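# Observations on chain architecture
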Amino acid sequence: MAGNFLEMANMSKTYPGVRALHNVSLEVRRGEVHALVGENGAGKSTLIKILAGVIQPDPGGELRIDGKPIVFHSASDAIHQGISVNYQDLSLFPNLSVAENITMGQSKLSGFRVKWSEIRKTAASALERLGISLDLHDPVENLSIAKQQLVSIARAIAFDAKLIILDEPTSSLSSGEVEVLFRIIRELKEKGISILFVSHKLDELFAVSDRFTVLRDGQWVGCYEREQLDQAKLISLMVGRSIEYEKLVEEPFKTYETVLEVSGLSKKEISRIFIFRSEPEKS
Ligand SMILES: Nc1ncnc2c1ncn2[C@@H]1O[C@H](COP(=O)(O)OP(=O)(O)OP(=O)(O)O)[C@@H](O)[C@H]1O
C-alpha cells in the first residue's frame with residue numbers, strides 16, 4: 001500500500017495573459033488524505049482540471065500514475081486511471097435514482113437493454129463499501145445535499161477510483177454531516193484509496209489531512225506533513241507573509257472602542273466579529 005499513487009512534476013498551464021500554474025509538483029501517496037490549499041486564484045481548480053483530464057497542461061510537465069508516465073486526453077482517460085473528481089455541484093442527475101446516478105456512465109450496464117438488476121447490484125455494493133444505506137430507487141433530488149455527496153462518492157467507488165478529489169466538499173454540510181463525511185474519508189483511506197481534499201476551511205483540513213501541498217499565485221510553495229504545520233504557519237505559506245493573528249485581533253481591541261460585537265453566529269468558523277470606530281476615542 002505504501003508509495004505514491006500519483007506524481008506530478010513541472011506542471012504549467014497558461015491561459016491568454018494568465019499563468020495559472022507554473023512548474024507545480026504534487027505527490028499523493030496511496031491511502032493518504034492530501035490537502036491542496038491556496039488563496040483564491042492560487043491555481044487549485046486548474047490543477048484539479050488537469051488531473052480530471054478536462055484541460056490540457058502546457059507541454060513540459062509530467063504526470064505519473066503508479067510510477068508510469070501518462071497523458072490524459074479526456075476526462076474518461078482520467079477515470080480509467082482511477083481518478084474521480086467530486087466537484088462542488090456534485091454533477092448528479094436530480095431526477096434519476098440513487099442506483100442510476102451511482103452507475104451512470106458504466107457502459108457494461110447498458111446497451112440494447114438496460115441491466116437493471118446489475119445496476120442495483122453495483123450501486124448496492126458501492127454503498128455497502130462506504131458503510132451507508134440509501135434507498136436505491138429514490139430520485140437524488142429527494143436527498144439532502146449531504147446524502148447527494150455520498151451518492152457522488154459511491155459513484156467514484158463504483159468506478160473503482162484510486163484517487164478521489166473532493167472540491168470544497170463541506171461547503172453545504174452541517175457539522176454533523178461533516179463528521180459523517182470525515183468518517184467515510186477515513187474509511188476510504190483505510191482501504192488504500194487516496195483523497196485530494198480542497199477546502200478553504202483550515203480546521204477541517206487539519207482534522208483529516210496527512211499532508212498539505214500549498215500553492216501561491218500558481219506556484220508550488222511546498223509539501224508539508226501535518227505535524228510540520230499549524231494554522232498560522234499554513235496561512236503564512238498561503239499568503240506569503242506572516243500574519244500575526246494575535247496582533248490583528250487584540251491590538252485594535254485595546255485601542256479602539258467596540259461599537260458592535262457579535263458572538264456565536266451559526267456559521268462555525270465565525271466566532272467573533274468586532275467593528276471598531278475608525279479613530280480612537282479621545283479621553
Ligand atoms: N479559463 C480561464 N481563462 C483564463 N484565466 C483563467 C481560467 N481559469 C482560471 N484562470 C485564472 O487562473 C488563475 C488560477 O485560477 P484557479 O481557478 O485555478 O484558482 P483557484 O485556486 O482554484 O481559486 P478559487 O479558490 O477561487 O477557485 C486565476 O488567475 C484565474 O483567474
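Residues numbered from 1 in each chain as written. Predicted model: local features only at pLDDT ≥ 70, side-chain atom pairs only at ≥ 80, totals over all residues.

Next up on the list: the overall build of the protein chain. Counting its regular elements, the protein chain contains nine helices and 12 strands. Taken across its 283 residues, the protein chain has 34% of its residues classed as buried. Partitioning the intrachain contacts of the protein chain with sequence separation of at least 6 by distance along the chain shows that 65% fall at a separation of at least 24. (Helix = DSSP H or I, 4+ residues; strand = E, 2+ residues; numbered from the N terminus. Buried ≥ 20, exposed ≤ 12 C-beta atoms within 10 Å, placed from the backbone. Contact = placed C-beta atoms within 7 Å.)

Turning to the pairing of strand β4 (residues 62-65), a few remarks are in order. Across a regular strand the side chains alternate sides, sitting on one face of the sheet and then on the other. With four bridges connecting them, strand β1 (residues 4-15) and β4 associate as antiparallel partners. Bridge assignment links Met8 to a residue of β4, and that residue is Leu63. Pairing between β4 and strand β5 (residues 68-69): two bridges, direction antiparallel. Among the inter-strand pairings, Arg64 is bridged to a residue of β5, identified as Pro69. Taking the residues that link successive antiparallel strands as the turn, the β4-β5 hairpin has two residues, and the phi of Asp66 there is positive, at about 50 degrees. (Pairing = 2+ DSSP bridges.)

Right, let's talk about the site of the ligand for a bit. In the vicinity of the ligand, the residues found are Tyr15, Val18, Ala20, Gly38, Asn40, Gly41, Ala42, Gly43, Lys44, Ser45 and Thr46. Elements supplying a minimum of two residues to the shell around the ligand: β2 (18-29) and α1 (44-51). Among the elements that take part in the shell around the ligand, α1 stands out by supplying three residues, more than any other. Here the shell around the ligand is built from residues that sort into four nonpolar, six polar and one charged. (Near = placed C-beta within 6 Å. Nonpolar A, V, L, I, M, F, W, Y, C, P; charged D, E, K, R; others polar.)

What follows covers the environment of Ala146. Within the secondary structure, Ala146 is located in helix α5 (residues 145-158). Of the residues examined, Ala146 has 17 C-beta atoms within 10 Å and is grouped as partly exposed. As for Ala146 and Ile102, which are separated by 44 residues in sequence, their C-alpha atoms are 15 Å apart. Those residues within four positions of Ala146 in sequence are excluded, and the remaining contacts are Leu173, Glu177 and Val180.

Before going further, it helps to examine helix α6 (residues 175-190). Compared with the 22 Å implied by 1.5 Å per residue over 16 residues, the 23 Å span of α6 between its first and last C-alpha is a close match. Directly after α6, the chain includes Gly192, whose backbone phi takes a positive value near 90 degrees. (Expected span 1.5 Å × (residues − 1).)

Grouped together as the largest cluster of nonpolar side chains are 64 residues, with contacts concentrated most on Ala154, Leu163, Ile164, Ile195 and Phe197. Take this core: its biggest share by element is seven residues, from α5. Apart from residues lying up to four places away in sequence, Leu163 is in contact with Phe5, Leu6, Val28, Gly82, Ile83, Ser194 and Leu196. (Core = buried A, V, L, I, M, F, W, Y, C linked by C-beta atoms within 7 Å.)

Along the chain, Asn4 turns up in strand β1. Of the residues examined, Asn4 has 16 C-beta atoms within 10 Å and is grouped as partly exposed. Between the alpha carbons of Asn4 and Asp135 there is a distance of 36 Å; along the sequence they are 131 residues apart. Sequence-distant contacts of Asn4, defined by excluding residues within four places in its chain, comprise Glu27, Val28 and Arg29.

Time to look at the packing of helix α4 (residues 116-130) against α5. Relative orientation of the contacting elements α4 and α5 amounts to 110 degrees, with a least axis distance of 9 Å. On the basis of the axis angle, α4 is roughly perpendicular to α5. Contact residues: Thr122, Ala123, Ala126, Leu127, Arg129 and Leu130 in α4; Leu150, Ile153, Ala154, Ile157 and Ala158 in α5. Classifying every residue of the contact of α4 with α5 by side-chain character gives nine nonpolar, one polar and one charged. (Axes fitted to C-alpha atoms, helices over the stretch in contact; angles between N-to-C directions. Parallel < 35°, antiparallel > 145°, perpendicular 65-115°, else oblique.)

Averaged over the protein chain, the pLDDT score is 86; the fraction of residues at 70 or greater is 84%. The lowest-confidence element of the protein chain is helix α9 (residues 245-255), averaging 52 in pLDDT; the highest-confidence one is strand β3 (residues 33-37), averaging 97. On the interface metric, ipTM, the complex scores 0.96, and its pTM is 0.82. (pLDDT = per-residue confidence, 0-100.)

It is worth spelling out the environment of Glu7 at this point. Tracing the chain through its elements places Glu7 in strand β1. Look at Glu7 and you get partly exposed, because 18 C-beta atoms sit within 10 Å. Glu7 sits 99 residues away from Gln106 along the chain, and the two C-alpha atoms are 27 Å apart. Excluding its chain neighbours within four sequence positions, the residues that come into contact with Glu7 are Glu27 and Arg64.

A separate point is unusual backbone geometry. The phi dihedral of Asp160 falls on the positive side, at around 60 degrees, and the residue is not glycine. For Asp160, the location among the structural elements is in the loop between α5 and β7 (163-167). C-beta crowding within 10 Å serves as the criterion here: with 12 such atoms nearby, Asp160 is assigned to the exposed category. Here Asp217, not a glycine, exhibits a phi torsion of approximately 50 degrees, which is positive. Considering the arrangement of structural elements, one finds Asp217 in the loop between β9 (211-216) and β10 (219-225). Judged by the 15 C-beta atoms lying within 10 Å of it, Asp217 falls in the partly exposed class.

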